[in-house]
Each structure stands twice: as structure tokens, then as C-alpha cells.
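# Observations on the model geometry
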Amino acid sequence: MIPADGTALDLAVRRLERAVSQLEHRLAAKAADAKRALAAATAAGAGSAVAPGLFDDNEKAQLVADLEAAREREKALEEAGEQASVALGRAIAEIRAALGEDGVANDLHAPTDDDDLFEDSEEA
């Protein structure tokens, strides 16, 4: 994988995490406001009052649009991850072919099904 791709992917993940965190905080604040409003209405003798919604129509529309955009970004990131995986597989195959080996590129032992790809790199 190209380092710039990893950086872009990391940046996108951080942005998504930050957006989710901000949304969680906003939801908590809205829920607290709604709870206070309901408690105030109940205390004022309006026991049959309906709890106010967490979001007005504009906020709902914005949340729906944000969610759709996040889903599209998620799909794009998944596709990029799949492409990176395929490219990495090709690179591994090319390296093995260049080394003239069918197994792992470590001459210390014969490859087995239980070998971890990076297991012997710490021992060498």
C-alpha cells in the first residue's frame, strides 16, 4: 500500500470518529433538554404533555443527509481496502516469484500451514 493511501485512510477514519463523537454529544444534550422540558411541563400541571422531539425537521433532514454521506464514504473506504488487499497479494506473489519460492521467503525452515507470515521476523 502506498503510504499516502494509509494517511488518507487514517485521516478519513479520524474525521468519521470525530463526527460520531460530536453527534453523540449533541444527542446527549438534546435528550437532556427534552427531559428538562418534559419535567417542567409535568411540574406545571400539563401531565398529558407530549415530550418534544429531539430534532426539528431541518435537523432530521441534515442528519439523514450526513448519514447517507457517511455510508457512501464507508463504501469507498471498503473498496479502497479491497483494492489495497488485492495489490498487496499481487506484490507478495511477485516477491515470491522473484525469490523463486512457492512458500514463505524465510530459508530457516520449511513452510507449514501453521506458520504465521511474520512469526520469524522477530527471531532473525
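Here the structure is a predicted model, which means the values were calculated and not measured.

## As for the overall build of the protein chain
Summing up its helical and strand segments, the protein chain has two helices and zero strands in all. In the protein chain, buried positions account for 6% of the 124 residues. Look at the contacts in the protein chain between residues 6 or more apart in sequence, and 35% of them connect residues 24 or more apart. Only carbon and sulfur atoms are counted for the fraction: they give 57% of the accessible area of the protein chain, which is about 10,100 Å².

## Section: a positive patch on the surface
A contiguous patch of positive charge, built from R14, R15, R18 and R73, is present on the exposed surface. Inspection of the secondary structure assignment puts R73 in helix α2 (residues 57-99).

## Quick look at the pattern of salt bridges
Considering all chains together, one arrives at three salt bridges under this definition. Among the ionic pairs, R26 bridges to E59, the shortest N-O distance being 2.4 Å. Taken together, the residues span a long stretch of sequence, with R26 in helix α1 (residues 3-43) and E59 in helix α2 at a distance of 33 residues. Judged by its relative accessible area of 44%, R26 is partly exposed. The buried category is assigned to E59, whose relative accessible area is 16%. Because the salt bridges share partners, they merge into one network encompassing R26, K30 and E59.

## Considerations on the confidence of the model for the protein chain
Mean pLDDT for the protein chain: 76, with 69% of residues reaching 70 or above. Low pLDDT, under 50, characterises residues 105-109; the stretch is placed with six contacts to residues that sit more than four places away or in other chains.

## Section: α2
For α2, with 43 residues, the first-to-last C-alpha span of 63 Å sits near the 63 Å given by 1.5 Å per residue. Between the side-chain oxygen at the start of α2 and the backbone nitrogen of N58 there is a gap of 3.1 Å, and the oxygen is on D56. Where α2 ends, the next residue or the one after it, G100, has phi of about 75 degrees, a positive value.

## Notes on a nonpolar patch on the surface
On the surface, L23, L27 and L54 cluster together into a nonpolar patch covering about 200 Å² of accessible area. Relative to the helices and strands, L23 is located in helix α1. For L23, a relative accessible area of 34% gives the class partly exposed.

## Describing the layout of surface pockets
Reported here for the largest pocket is a volume of approximately 500 Å³. Along its surface, the largest pocket is lined by 18 residues, and A19, V20, L23, L63 and D66 are the ones closest to its centre. Contributing elements (two or more residues each) for the lining of the largest pocket: α1 and α2. The leading source of residues in the lining of the largest pocket is α2, at nine residues.

Basis of the calculations
- Residues numbered from 1 in each chain as written.
- Predicted model: local features only at pLDDT ≥ 70, side-chain atom pairs only at ≥ 80, totals over all residues.
- Heavy atoms only, no water.
- Helix = DSSP H or I, 4+ residues; strand = E, 2+ residues; numbered from the N terminus.
- Buried < 20%, exposed > 50% of the residue type's maximum accessible area, 1.4 Å probe, protein only.
- Contact = heavy atoms within 4.5 Å.
- Areas by Shrake-Rupley, 256 points an atom, 1.4 Å probe, with all protein chains shown as cover.
- Patch = residues over 30% accessible without salt bridge, like charges linked within 9 Å, V, L, I, M, F, W, Y side chains within 5 Å.
- Salt bridge = Lys/Arg side-chain N within 4 Å of Asp/Glu carboxyl O.
- Lys, Arg positive; Asp, Glu negative; His and termini not counted.
- Charge placed at Lys NZ, Arg CZ, Asp CG, Glu CD.
- pLDDT = per-residue confidence, 0-100.
- Expected span 1.5 Å × (residues − 1).
- Polar contact = N/O pair within 3.5 Å; in protein donor to acceptor, adjacent residues only side chain to side chain.
- 1 Å grid on protein atoms, 1.4 Å probe; cavity = no way out; pocket = protein on both sides within 12 Å on 5 of 7 lines; lining within 4 Å.
- Points joined across faces, edges and corners; volume = space filled by probe spheres on them.

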